[in-house]
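Given next are the chains, with one letter for each unit.
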Amino acid sequence: MDLLMVRDRSTGRFVCTERLERRAGETSWEYVRRSVRREARIRTRFDGDRMEVIVGWNVDSVEEFLRSHPEYRLDGDGASGTDGRDGRQEGDSVEW
């Protein structure tokens, strides 16, 4: 499972997240093609200097991503910079 995230550069907060996972019967190539297309649509929608689109490969949550990539945290005391909307249940996603 992969995670597509949009982060506000000025605050460091993740404003949108979407889980990407391989569908039943979908080949690896089909999954990669679909996920790259989705990422491109999100990058187009959030185009500009204010937002940053990040793809976390093989992560289930923003928290897991931040543990693996602490450079995306707001500060050094473990504050993740999430706005409370990232603790979704498995399979939930945000429609953009």
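Everything numeric here is computed off the predicted structure, so don't read it as measured data.

1. Topic: the sheet that holds strand β1 (residues 2–8)
Here three strands make up an open sheet; going across it, the order is β2-β1-β3 and the pairing antiparallel. Every other strand in the sheet has two partners, leaving β2 (14–20) and β3 (51–56) as the edge strands with one partner each. Between one strand and the next, the sheet's axes are offset by a mean angle of 15°, whatever the strand orientation. Here β1 runs beside β3; their pairing, made up of six bridges, is antiparallel. Looking at β3, one finds that Leu3 is bridged to Gly56. Against the sheet, helix α1 (residues 28–45) makes contact with β1, β2 and β3, and its axis sits at roughly 10° relative to β1, the strand it touches most.

2. Considerations on unusual backbone geometry
Even without being a glycine, Asn58 presents a positive backbone phi close to 60°. The residue Asn58 is located in the loop between β3 and α2 (62–68) in this model. Relative accessible area serves as the criterion here: at 62%, Asn58 is assigned to the exposed category.

3. What to know about the packing of aromatic side chains
Applying the stated rule across the entire model yields one aromatic pair. With a centroid separation of 5.3 Å and 45° between ring planes, the pair formed by Phe65 and Tyr72 is classed as tilted. Note on accessibility: Phe65 and Tyr72 belong to one class, buried.

4. With respect to the confidence of the model for the chain
A low pLDDT means the predicted coordinates there should not be read in detail. Per-residue confidence for the chain averages 82 on the pLDDT scale, and 77% of its residues sit at or above 70. Across the chain, the element-wise mean pLDDT spans from 93 in α2 up to 96 in α1. Between residues 76–93, whose pLDDT stays under 50, and residues either more than four places distant or in other chains, the model counts 36 contacts.

5. Some details on the nonpolar core
Formed by Leu4, Val6, Cys16, Leu20, Tyr31, Ile42, Phe46, Met51, Val53 and Val55, the largest nonpolar core amounts to ten residues. The biggest single contributor to this core is β3, with three residues. Grouped together as the second largest cluster of nonpolar side chains are nine residues, Ile54, Val59, Val62 and Leu66 included.

6. Concerning α1
The end-to-end C-alpha separation of α1 is 26 Å, in line with the 26 Å expected for 18 residues at 1.5 Å each. Tucked inside the fold, the buried residues of α1 contact β1, β2 and β3.

What counts as what
Numbers given to residues run from 1 along each chain, matching the order in which its sequence is written. Only residues with pLDDT of at least 70 are given local features in this predicted model, and only at 80 or more are side-chain atom pairs given and counted; all residues enter the totals for whole chains, interfaces and linings. Calculation of side-chain values draws on the structure's entire complement of heavy atoms; hydrogens and water are dropped beforehand. One bridge is not enough; two strands pair if DSSP finds at least two bridges between them. Helix and strand labels come from DSSP, where a helix needs a run of H or I of at least four residues and a strand needs a run of E of at least two; each type is numbered from the N terminus. Helix axes use the C-alpha atoms of the stretch in contact, all axes being lines fitted to C-alpha atoms, and the angles between their N-to-C directions lie in the range 0 to 180 degrees. Throughout, a contact is declared for two residues whenever any of their heavy atoms are within 4.5 Å. A simple rule labels every residue: compare its accessible area, found with a 1.4 Å probe on the protein chains alone, to the largest value its type can have, and call it buried under 20%, exposed over 50%, or partly exposed in between. Pairing of aromatic side chains requires ring centres within 6.5 Å, counting the rings of Phe and Tyr and the six-membered ring of Trp. Pairs whose planes differ by under 30 degrees are stacked, by over 60 edge-to-face, and all others tilted. Confidence scores labelled pLDDT are given residue by residue by the predictor and lie between 0 and 100. Buried Ala, Val, Leu, Ile, Met, Phe, Trp, Tyr and Cys residues that are joined via side-chain atoms within 4.5 Å together make up what is termed a nonpolar core. Between the first and last residue of a helix there are one fewer steps than residues, each counted as 1.5 Å, and that sum is the expected span.

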